[in-house]
Amino acid sequence: MKQKVVFFGNEKLATGIPEPRPLIREAVKQAGFEIEAVVTGLEVPDHEAELAVLSAHGQILRQDVLQQFPLGIVNIHPSLLPVYRGPTPIEQAILDGSVKTGVSIMKITHEMDAGPIYKQKTVHLTGNESKAKLAETLQKLGAEMLAEALPAIANGSLKPRQQSHVDRDASYTKLIKKSDGIIDWHKPADVIEREIRAYLGWPGSRTTLFNKDVIITAAHVVPANFGEEPGYVEPVENTILMIETANGRICIDRLKPAGKKEMTAAEFLRGLKN
């Protein structure tokens, strides 16, 4: 008979991304376990499982819930703990311009993302990742790691180790608010470009261009200023759209006007004439 597992979460590792494939739940089954129940809220149904798996649950589990699983609750966290504990590690890695992130397979304790680590793997970043793409990469890696580690966790042959260099390296992410998506053109261009990638989907990087509300969905940095005030908009030959920042310019590649489909900057500029 297969060993039973309770699954906590929905596998949505970042805010505002498309519904992910259930890769981590599939990994549990591939590892030879039966998922007895899926829990997305705070109430846990009666169960026989002694082991649980958690991914993107978004809730702090009560101590009495932790005590229901003698073999522990295994969490797939999309960062190299103790870096980026908390709810938005994928977004924060992009916002910070980090050169690497990864996945930690850890044991849940009462303190947020502070439990001991079973396994970690690193992903090196190019600086061009969108939130959805990075979430997809980390979800796939986390599923592969879990399928390999879960049998050894269940039989006790894989022991977790305490998180290393906590005093030096521990950092915490915060919930992202809708207001975070309002672009502040007084920031440097590279900061704004990272926000556009990190906030893609939700809350979206929002601004007003030619009296039209738009969400910028893709852009790149032009490392030069032209002496204009931050927020100055310059269309170039009606095909290129650049905006002055505190340091450098943002060249908009794609944007989505309110109530319309996503389009290129050139399509947006042509539409202004119609």
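As a reminder, the structure under discussion sits directly above these lines.
Nothing here was measured: the structure is a model prediction, and the numbers come from that model.

Novice: Just checking my understanding: could you explain the packing of helix α1 (residues 23-30) against helix α4 (residues 131-155) for this structure?
Specialist: Between two packed helices, both the angle of their axes relative to each other and the distance between the axes serve to describe the pair. At a closest axis distance of 8 Å, the pairing of α1 and α4 adopts a crossing angle of 20°. Between α1 and α4, the angle falls in the class roughly parallel. Remark: the crossing between α1 and α4 carries right-handed chirality. For the pair α1 and α4, contact is made by Leu 23, Ile 24, Ala 27 and Val 28 and by Gln 139, Lys 140, Ala 143, Leu 146, Ala 147 and Leu 150, respectively. Taken together, the residues that form the contact of α1 with α4 break down as 8 nonpolar, 1 polar and 1 charged.

Novice: What is the right way to look at the pairing of strand β9 (residues 233-236) in this model?
Specialist: Remember that side chains alternate between the two faces of the sheet whenever the strand is regular. Direction of pairing for β9 relative to strand β10 (residues 240-244): antiparallel, over a ladder of 4 bridges. If you follow Pro 235 over to β10, its bridge partner there is Leu 241.

Novice: Is there a simple way to think about helix α6 (residues 189-198) in this case?
Specialist: Where burial is concerned, most of α6 is hidden: 8 out of the 10 residues are buried. For α6, the set of buried residues is Ala 189, Ile 192, Glu 193, Arg 194, Glu 195, Ile 196, Arg 197 and Ala 198. The inward-facing, buried residues of α6 contact α3 (89-95), α4, β7 (205-209), β8 (212-222) and β11 (249-257).

Novice: What exactly am I supposed to notice about the nonpolar core here?
Specialist: As a rule of thumb, soluble globular proteins bury nonpolar side chains together. Within the largest apolar cluster, 38 residues are counted, with the highest numbers of intra-cluster contacts made by Val 53 and Leu 150. Excluding its chain neighbours within four sequence positions, the residues that come into contact with Leu 150 are Val 28, Ala 31, Phe 33, Leu 51, Val 53 and Val 74. Of all hydrophobic cores here, the second largest spans 18 residues; its members include Ile 183, Ala 189, Ile 192 and Ala 265.

Novice: Even after reading the chapter, I still don't get unusual backbone geometry, so can you show me in this structure?
Specialist: Trans peptide bonds make up the majority, and among non-glycine residues the majority have a negative phi. Here the amide bond leading from Leu 81 into Pro 82 is cis, since omega sits at 15°, within 30 degrees of zero. Structurally, the position occupied by Pro 82 is in the loop between β4 (73-77) and α3. Cis geometry marks the peptide bond from Trp 202 to Pro 203; its omega dihedral reads 0°. Here Pro 203 is to be found in the loop between α6 and β7. One non-glycine residue, Ala 56, lies in the positive phi region at around 55°. Mapped onto the fold, Ala 56 is located in the loop between β3 (51-55) and α2 (63-66). Relative accessible area serves as the criterion here: at 24%, Ala 56 is assigned to the partly exposed category.

Novice: Which parts of the structure should I look at to understand α1?
Specialist: Because each turn of an α-helix spans 3.6 residues, side chains separated by three or four positions end up pointing in the same direction. Residues of α1 that are buried include every one of Leu 23, Ile 24, Ala 27 and Val 28, and no others. Seen from one end, α1 has its buried residues packed into an arc of 145°, which puts them on one side. Taken together, the buried residues of α1 touch β1 (3-9), β2 (33-39), β3, β4 and α4. A positive phi of about 100° marks Gly 32, the residue just after α1.

Criteria and thresholds
- Residues numbered from 1 in each chain as written.
- Predicted model: local features only at pLDDT ≥ 70, side-chain atom pairs only at ≥ 80, totals over all residues.
- Heavy atoms only, no water.
- Axes fitted to C-alpha atoms, helices over the stretch in contact; angles between N-to-C directions.
- Helix = DSSP H or I, 4+ residues; strand = E, 2+ residues; numbered from the N terminus.
- Parallel < 35°, antiparallel > 145°, perpendicular 65-115°, else oblique.
- Left-handed = near helix turned anticlockwise from the far one by under 90°.
- Contact = heavy atoms within 4.5 Å.
- Nonpolar A, V, L, I, M, F, W, Y, C, P; charged D, E, K, R; others polar.
- Pairing = 2+ DSSP bridges.
- Buried < 20%, exposed > 50% of the residue type's maximum accessible area, 1.4 Å probe, protein only.
- Core = buried A, V, L, I, M, F, W, Y, C linked by side-chain atoms within 4.5 Å.
- Arc of directions from axis to C-beta.

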